[in-house]
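Analysis of the macromolecular model
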Amino acid sequence: MDFSKVQFMLSAHSLGQLPDPIYPDIAFAGRSNVGKSSLINRLVRRANLVKTSSRPGKTQSLNYFLVDEGLYLVDLPGYGFAQVSQQTRKSWQGLITRYVETRSSLVCMVVIIDLRHELKKLDRELIDWLRYLHKPFLPVYTKADKLGRNDQRKNAALLDAGLTLTPADRIIFSSRTGQGLDQLKTKIAALVTGFQGSDEAADNDLTDPI
Ligand code: GTP
Ligand code: MG
């Protein structure tokens, strides 16, 4: 899969605007300003395909990017940003909740967490909810470049313990240095292959004699 073959598809403010689910979706979620859009830019090797900002709340809709005619990357609005109105927060939450619960082609939710900070309640709640729904998720601990290797290990172990994860379940990442990028690409490629596999299985069912 060539991640640099990427194009912006659309920006959805409601589920009716989503593209047909012909390719797998990998969605990127996390607190406002954690680095979701920067991670996607790094993944596709574009400095500014997805707009990033030092001000939280930059991404406000579901932004779809088509990669290599085989995968949708979905940049989600961030959560936990105090300076938006209650009303706006509710409508974002509603949209994301319905998206995760109903999107049949969502193969993985990448949950991005700041490696520098202790586990936040909203991150924990998101992962608990994904577990409850049996939705596959991949935690990515980002901004690793801000820490030395020892602190990276120490903080990652604390997050692992808080989320009941093992090191094999998550990735330590940096959009600045590209740390963890190969691991992330490998995991995503495997998820895409899995989606194609299940497609074929469905086709076979149709052609099998009854
Ligand atoms: P919203 O769309 O507002 O929810 O934010 P976001 O999660 O998409 O964050 P974004 O990618 O816009 O990045 C927020 C800020 O963090 C920007 O100033 C980025 O340059 C910075 N940033 C993102 N990733 C990293 C990283 O890995 N290392 C460092 N040092 N800074 C990062
Ligand atoms: Mg963003």
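Quick summary incoming for the structure in this document.

Cut-off values and rules
- Residues numbered from 1 in each chain as written.
- Chains lettered and ligands numbered in written order.
- Predicted model: local features only at pLDDT ≥ 70, side-chain atom pairs only at ≥ 80, totals over all residues.
- Heavy atoms only, no water.
- Helix = DSSP H or I, 4+ residues; strand = E, 2+ residues; numbered from the N terminus.
- Buried < 20%, exposed > 50% of the residue type's maximum accessible area, 1.4 Å probe, protein only.
- Contact = heavy atoms within 4.5 Å.
- Areas by Shrake-Rupley, 256 points an atom, 1.4 Å probe, with all protein chains shown as cover.
- Core = buried A, V, L, I, M, F, W, Y, C linked by side-chain atoms within 4.5 Å.
- Salt bridge = Lys/Arg side-chain N within 4 Å of Asp/Glu carboxyl O.
- Expected span 1.5 Å × (residues − 1).
- Pairing = 2+ DSSP bridges.
- Right-handed = clockwise from strand over helix to strand, strands pointing away.

Some remarks on the overall build of the protein chain
Counting its regular elements, the protein chain contains five helices and seven strands. For the protein chain, the succession of helices and strands along the chain, N to C, is β-β-α-β-β-α-β-α-β-α-β-α. For the protein chain, the proportion of its 210 residues judged to be buried stands at 46%. Considering only contacts within the protein chain whose residues lie at least 6 apart along the sequence, 74% involve residues at least 24 apart. Accessible surface for the protein chain amounts to roughly 11,100 Å². Of this, 50% is attributable to carbon and sulfur atoms.

Observations concerning the nonpolar core
Among the nonpolar cores identified, the biggest contains 33 residues, and Leu 62, Leu 76, Tyr 99, Met 109, Val 111 and Tyr 141 are the most heavily contacted of them. Going through the elements one at a time, strand 2 (25-30), strand 3 (62-67), strand 4 (71-75), helix 2 (86-102), strand 5 (106-114), helix 3 (121-133), strand 6 (137-142) and helix 4 (149-163) are the ones with two or more residues in this core. Beyond its immediate chain neighbours, meaning those up to four positions away, Leu 62 contacts Leu 10, Ser 11, Ala 12, Leu 18, Val 74, Asp 75, Leu 76, Leu 95 and Tyr 99.

Notes on the pattern of salt bridges
Following the criterion strictly, the structure yields seven salt bridges and no others. A salt bridge links Arg 116 to Asp 114; the shortest N-O distance between them is 2.8 Å. For Asp 114, a relative accessible area of 11% gives the class buried.

A short note on helix 4
If you check helix 4, its first and last C-alpha atoms are 21 Å apart, about what 15 residues at 1.5 Å a residue would give, namely 21 Å. At the exit of helix 4 stands Thr 164, carrying a positive phi of roughly 55°.

Here we look at the sheet that holds strand 5
Spatial ordering of the open sheet is given by 1-3-4-2-5-6-7, a layout of seven strands whose pairing is mixed. In the strand order of this sheet, the two ends are held by strand 1 (6-12) and strand 7 (171-172), each with one partner. Relative to strand 3, strand 1 runs antiparallel, the two being bridged by six bridges. Its bridge partner lying in strand 3, Val 6 is registered against Val 67.

Brief notes about the pairing of strand 3
Looking down a regular strand, the side chains alternate between one sheet face and the other. Judged by how many residues are buried, strand 3 sits mostly within the fold: six of six residues are covered. Residues of strand 3 alternate between two faces, with Leu 62, Tyr 64 and Leu 66 on one and Asn 63, Phe 65 and Val 67 on the opposite face, all of them buried. Sheet analysis places strand 3 next to strand 4, joined by five bridges and oriented antiparallel. Note on strand 4: the bridge partner recorded for Tyr 64 is Val 74.

Things to note about the pairing of strand 5
Judged by how many residues are buried, strand 5 sits mostly within the fold: nine of nine residues are covered. Relative to strand 5, strand 2 runs parallel, the two sharing six bridges. By the bridge assignment for strand 5, Ala 29 is matched with Val 111. Regarding topology, helix 3 serves as the crossover connection from strand 5 to the parallel strand 6, and that connection is right-handed.

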